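Now for the letters of each chain:
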Amino acid sequence: MSAAQYDFEIEQGSSFRISWIYKDSNGSVIDISDWCGRLTWKTNTNTVSIYSTTNVDYTLYKFSLDGPNGKLTLEFPSSTTNGFDFTNAKYDLELQSDEDHYASGTGGGKFTTRLLFGTVTINKRFSKSTTALDCT
């Protein structure tokens, strides 16, 4: 199955969450338990950033999988999006299964597939603040 194009926008300085559900050609959810995911983007300023579900430090981002429901969720806190100083980026979203590419397990590594590609656009703030909103 070919990767699909999906463009999305991030509001600079706002918390951000996006989710995708991986389905087969019949519309049935694919169980991605024990899989891993990666979103890689290259900005218009030529900076490459990689966001992986193997990340355990959630201060900059959280990328998680809900395996039985085929769901991938990428989240950025407002402090991260506030620091995005690019206008747009081209991205690829990939999944890697827990199974070897060759059924016999004789090389080839884990089965990897590109799900999505597209453009991320940053909606710039007029009043970019250097401090986070704190209503405590």
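Here the structure is a predicted model, which is why all the values come from computation and not from measurement.

**Q** Describe the overall build of the protein, listing the residues and the values that go with them.
**A** Across its full length, the protein carries 1 helix and 9 strands. The secondary structure elements of the protein, listed N-terminal to C-terminal, are β-β-β-β-β-β-β-α-β-β. For the protein, the spread of C-alpha atoms along the three principal axes comes to 55 × 35 × 30 Å. Counting only residues that meet the buried cut, the protein has 33% of its 136 residues in that class. Expressed as a percentage of contacts within the protein between residues at least 6 apart in sequence, the contacts between residues at least 24 apart total 63%. A total of about 8400 Å² of accessible surface is found on the protein, and carbon and sulfur atoms cover 48% of it. The averaged location of the 16 negative side-chain charges in the protein is 7 Å from the averaged location of its 12 positive side-chain charges.

**Q** Pulling in residues and values, what's your account of the packing of aromatic side chains?
**A** In total, this model carries 14 aromatic pairs according to the counting rule given. Geometrically, the ring pair formed by Trp-41 and Tyr-51 is edge-to-face, given 5.0 Å between the ring centres and 70° between the ring planes. With Trp-41 in strand S4 (residues 36–43) and Tyr-51 in strand S5 (residues 48–52), this pair connects stretches of sequence that are 10 residues apart. Considered together, Trp-41 and Tyr-51 belong to a single accessibility category, that of buried residues. Put simply, the rings of Tyr-6, Phe-8, Phe-16, Trp-20, Trp-41, Tyr-51, Tyr-61, Phe-76, Phe-84, Phe-86 and Tyr-91 touch in pairs and so form one group of aromatic residues. One Lys or Arg, Lys-62, reaches over the ring of Tyr-58 and ends 5.1 Å from the middle of that ring.

**Q** How would you explain the environment of Ile-30 if you had to name every residue and give the values?
**A** Mapped onto the elements of the fold, Ile-30 is located in the loop between strand S3 (16–21) and S4. Sequence separation between Ile-30 and Lys-71 is 41 residues, and the spatial gap between their C-alpha atoms is 8.9 Å.

**Q** Hey, could you go over the side chain of Thr-73 for me, with residue numbers and the actual values?
**A** Considering the arrangement of structural elements, one finds Thr-73 in strand S7 (residues 71–76). Within the structure, Thr-73 has its side chain in polar contact with the side chain of Ser-19 (distance 2.9 Å). When near neighbours in sequence (up to four residues on either side) are disregarded, Thr-73 contacts Arg-17, Ile-18, Ser-19, Lys-62, Phe-63 and Ser-64.

So, how was this worked out
Residues numbered from 1 in each chain as written. Predicted model: local features only at pLDDT ≥ 70, side-chain atom pairs only at ≥ 80, totals over all residues. Heavy atoms only, no water. Helix = DSSP H or I, 4+ residues; strand = E, 2+ residues; numbered from the N terminus. Buried < 20%, exposed > 50% of the residue type's maximum accessible area, 1.4 Å probe, protein only. Contact = heavy atoms within 4.5 Å. Areas by Shrake-Rupley, 256 points an atom, 1.4 Å probe, with all protein chains shown as cover. Lys, Arg positive; Asp, Glu negative; His and termini not counted. Charge placed at Lys NZ, Arg CZ, Asp CG, Glu CD. Phe/Tyr/Trp six-rings, centres within 6.5 Å; stacked < 30°, edge-to-face > 60°. Lys NZ or Arg CZ within 6 Å of the ring centre and 35° of its normal. Polar contact = N/O pair within 3.5 Å; in protein donor to acceptor, adjacent residues only side chain to side chain.

So, to be careful, I would describe these as geometric facts and stop short of saying anything about function.
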